[in-house]
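# Residue-level structure breakdown
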Amino acid sequence: MAHMYTPWFFFVQLLILVAESRAKVPALIVFGDSTVDAGNNNQISTVLKSNFVPYGRDFAGGRPTGRFSNGRIPPDFISEAFGLKPTVPAYLDPNYNISDFATGVNFASAGTGYDNQTSDVLSVIPLWKELEYYKEYQKKLRAYLGEEKANEILSESLYLMSLGTNDFLENYYIFSGRPSQYTVRQYEDFLVGIAGNFIKEIYSLGARKVSLGGLPPMGCLPLERTTNFFGGSECIERYNNVAMEFNGKLNTLVGKLNKQLPGIKVVLSNPYSILLQIIRKPSSYGKPPLN
Ligand SMILES: *[C@@H]1O[C@H](CO)[C@@H](O)[C@H](O)[C@H]1NC(C)=O
Ligand SMILES: *[C@@H]1O[C@H](CO)[C@@H](O)[C@H](O)[C@H]1NC(C)=O
């Protein structure tokens with residue numbers, strides 16, 4: 001259920017964009033699922049955790065942190081690339097406080113999705129609740145730094161959103177609820193609507209630089225291939241096609257939001273093609289690990 005790929009490649013596009021504009025980014029503010037969760041699920045009551053080995057074996061100190069990865073995850077690399085700290089802490093982690101979060105904060109929760117029903121599956125943090133935590137964070141930041149400085153950070157920060165795979169793989173294609181209400185195309189539209197509302201909401205709260213993550217070739221994720229008994233453990237094309245179609249709709253959304261919301265800069269970080277290349281020809285991207 002936990003989708004354990006953690007590519008940072010899909011942010012390269014974004015890095016180039018921001019580097020070109022020489023924009024200053026005082027903090028990274030992260031929303032999403034296991035692709036970007038830095039340990040929030042450690043603090044909640046869910047079975048979906050990664051606080052055990054071999055998770056974290058390549059992390060500083062070789063310890064599992066609640067990241068669904070052998071090491072760091074995309075927001076960590078991006079933070080470092082902006083000259084900020086090398087890891088972005090989880091908002092719910094009691095080892096950190098507002099002085100840490102002032103330069104980067106992570107609200108992500110593995111297993112979540114755009115759809116409230118997706119986060120219900122494994123009792124993880126729904127996206128609306130991530131937003132509530134963000135509002136609480138704003139209050140703490142203003143109390144800590146004062147209105148003016150806090151507002152500057154909130155408007156200059158880079159907001160990362162990375163989610164959506166679980167809505168399809170953990171919800172739509174597993175349970176009968178959503179398919180009885182929506183065709184897959186209608187479900188895509190439902191999710192894109194939620195994504196758009198979310199971005200409008202954070203815009204109204206001050207966000208101006210947003211990276212919206214697209215879907216990976218989700219039919220190629222290890223769990224999907226392992227369970228593709230009749231397809232010789234190949235990628236499930238149907239799922240990949242949905243991912244591509246969904247990314248197309250997100251791209252349209254991004255175009256609309258950039259027109260509608262003055263001063264916003266939204267980019268789609270689309271991981272699809274680069275990940276598919278890596279899956280098809282891993283030898284071009286380094287030697288595979290032995291274990
Ligand atoms: C945050 O934690 C650090 C280290 O534990 C402490 O020195 C600092 O006073 C705390 N800051 C706030 C604003 O609570
Ligand atoms: C998800 O749940 C929250 C809290 O109950 C609610 O405010 C929101 O409207 C729901 N979202 C959708 C799309 O139904």
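Residues numbered from 1 in each chain as written. Chains lettered and ligands numbered in written order. Predicted model: local features only at pLDDT ≥ 70, side-chain atom pairs only at ≥ 80, totals over all residues. Heavy atoms only, no water.

Note the threshold: UniProt positions are given in the numbering used here, feature names are shortened, and annotations may be inferred rather than shown by experiment.
If you check an unreviewed UniProt entry, the protein appears there as GDSL esterase/lipase from Vitis rotundifolia. Reading the Sequence similarities (unreviewed entry) entry of the UniProt record for the protein gives the comment "Belongs to the 'GDSL' lipolytic enzyme family."

## Quick look at the packing of aromatic side chains
Put simply, the test is: Aromatic pairing here means that ring centres of Phe, Tyr or Trp (its six-membered ring) are within 6.5 Å. Orientation follows from the plane angle: under 30 degrees is stacked, over 60 is edge-to-face, and everything else is tilted. Three exposure classes are used, based on accessible area relative to the maximum for each residue type with a 1.4 Å probe and protein chains only: buried under 20%, partly exposed in between, and exposed over 50%.
If you walk through the whole model with that rule in mind, you get 22 aromatic pairs. Centre to centre, the rings of Tyr 172 and Tyr 173 are 5.3 Å apart; their planes meet at 85°, and the pair counts as edge-to-face. A relative accessible area of 9% means that Tyr 172 is categorised as buried. Since its relative accessible area comes to 21%, Tyr 173 is described here as partly exposed. By the ring-pair criterion, three or more aromatic residues cluster together here, those being Phe 31, Tyr 91, Tyr 96, Phe 101, Phe 107, Tyr 133, Tyr 134, Tyr 137, Tyr 159 and Phe 198.

## Let's talk about the pairing of strand E1 (residues 28–32)
Convention followed: What counts as a helix is a DSSP run of H or I of at least four residues, what counts as a strand is a run of E of at least two, and both are numbered from the N terminus. At least two DSSP bridges between two strands are needed for those strands to be called paired.
Buried residues dominate E1, accounting for 5 of its 5 residues. Residue alternation in E1 divides its side chains into two sets, Leu 28, Val 30 and Gly 32 and Ile 29 and Phe 31, and both sets are buried. Alignment of E1 against strand E3 (residues 158–162), held across 5 bridges, turns out to be parallel. The residue of E3 that forms the bridge with Ile 29 is Tyr 159. Two strands pair when backbone bridges link them, and E1 and strand E2 (residues 105–106) are joined in this way by 2 bridges, in the parallel orientation. The partner of Ile 29 across the bridge, within E2, is Val 105.

## Brief notes about helix H12 (residues 272–280)
Because each turn of an α-helix spans 3.6 residues, side chains separated by three or four positions in sequence point in the same direction. Quick note on the threshold: Starting at the helix axis, one direction is taken to each C-beta atom, and the arc is that of these directions.
Listed in full, the buried residues belonging to H12 are Tyr 272, Leu 275, Leu 276 and Ile 278. The buried residues of H12 all sit within an arc of 160° when viewed along its axis, so they share a single face.

## Comments concerning the site of ligand 2
Stated formally: Residues are labelled near a given molecule or strand when at least one of their non-hydrogen atoms is within 4 Å of it. Polar contact criterion, stated in full: a pair of N or O atoms within 3.5 Å, where within protein one must be able to donate a hydrogen and the other to accept it, and residues adjacent in sequence count only if both atoms are side-chain atoms. A 1.4 Å probe and the Shrake-Rupley method give the accessible areas. Residues count as covered only by the protein chains that appear here.
Contacts to ligand 2 come from Asn 116, Trp 128 and Ile 194. Asn 116 places a polar side-chain atom, nitrogen or oxygen, 2.3 Å from an oxygen atom of ligand 2. Burial of ligand 2 by the surrounding chains reaches 37%, relative to a free accessible area of 360 Å².

## Quick notes on the site of ligand 1
The local shell around ligand 1 consists of Asn 97, Ile 98, Ser 99 and Tyr 144. One of the side-chain N or O atoms of Asn 97 is found 2.3 Å from an oxygen atom in ligand 1. Contact with the protein chains hides 29% of the accessible area of ligand 1, taken as 360 Å² for the molecule alone.

## Looking at the nonpolar core
For clarity, the cut-off: The term nonpolar core refers to a set of buried residues drawn from Ala, Val, Leu, Ile, Met, Phe, Trp, Tyr and Cys, joined through side-chain atoms within 4.5 Å. Any pair of residues with heavy atoms lying within 4.5 Å of one another is described as a contacting pair.
The biggest cluster of nonpolar side chains holds 64 residues, and the ones touching the most others in it are Phe 31, Tyr 134 and Tyr 137. With near-sequence residues (within four places) excluded, Tyr 134 lies in contact with Ile 29, Phe 31, Phe 107, Leu 154, Tyr 159, Ile 202 and Leu 205. Core analysis: the next-biggest nonpolar cluster, separate from the first, contains 11 residues, Val 30, Ile 78, Leu 84 and Leu 160 among them.

## Observations concerning the pattern of salt bridges
Which entries qualify depends on this criterion: Salt bridge, as applied in this entry: a Lys or Arg side-chain nitrogen positioned within 4 Å of an Asp or Glu carboxyl oxygen.
Following the criterion strictly, the structure yields 13 salt bridges and no others. Arg 185 is the partner of Glu 245 in a salt bridge, and the nearest nitrogen-oxygen pair spans 2.8 Å. Residue Glu 245 is found in helix H11 (residues 237–260), and its partner Arg 185 is found in helix H9 (residues 184–204); the two are separated by 60 residues along the sequence. Each of Glu 132, Lys 135 and Glu 201 takes part in salt bridges that share partners, so that together they form one network.

## Structural notes on the environment of Leu 169
Counting through the fold element by element, Leu 169 comes out in helix H7 (residues 165–172). The class of Leu 169 is buried, set by a relative accessible area of 6%. A sequence separation of 86 residues divides Leu 169 from Gly 255, and the C-alpha atoms of the two residues are 27 Å apart.

## Re the sheet that holds strand E4 (residues 209–213)
Keep this limit in mind: Helix axes are fitted to C-alpha atoms over the stretch in contact, other axes to C-alpha atoms as well, and angles between N-to-C directions run from 0 to 180 degrees.
An order of E2-E1-E3-E4-E5 is seen for the 5 strands of this open sheet, with the pairing classed as parallel. The open sheet has two free edges, formed respectively by E2 and strand E5 (265–269), since each of these has just one partner strand. Two elements, E4 and E5, share 5 bridges in a ladder whose sense is parallel. Of the residues in E5, the one forming a bridge with Gly 213 is Ser 269. In this fold H9 packs onto E1, E3, E4 and E5, with an angle of close to 160° to the strand it touches most, E3.

## Concerning the state of the cysteines
This is how the line gets drawn: Two cysteine sulfur atoms make up a disulfide if the distance between them is within 2.5 Å.
Under the criterion given, the structure shown has 1 disulfide. Note on cysteine connectivity: Cys 220 is disulfide-linked to Cys 235, with sulfurs 2.2 Å apart. Across the S-S bond linking Cys 220 and Cys 235, the dihedral sits near 115°, which makes this disulfide right-handed. Here the residue Cys 220 occupies a position in the loop between E4 and helix H10 (222–226), and Cys 235 occupies one in the loop between H10 and H11, the gap between them amounting to 15 residues. Considered together, Cys 220 and Cys 235 belong to a single accessibility category, that of buried residues.

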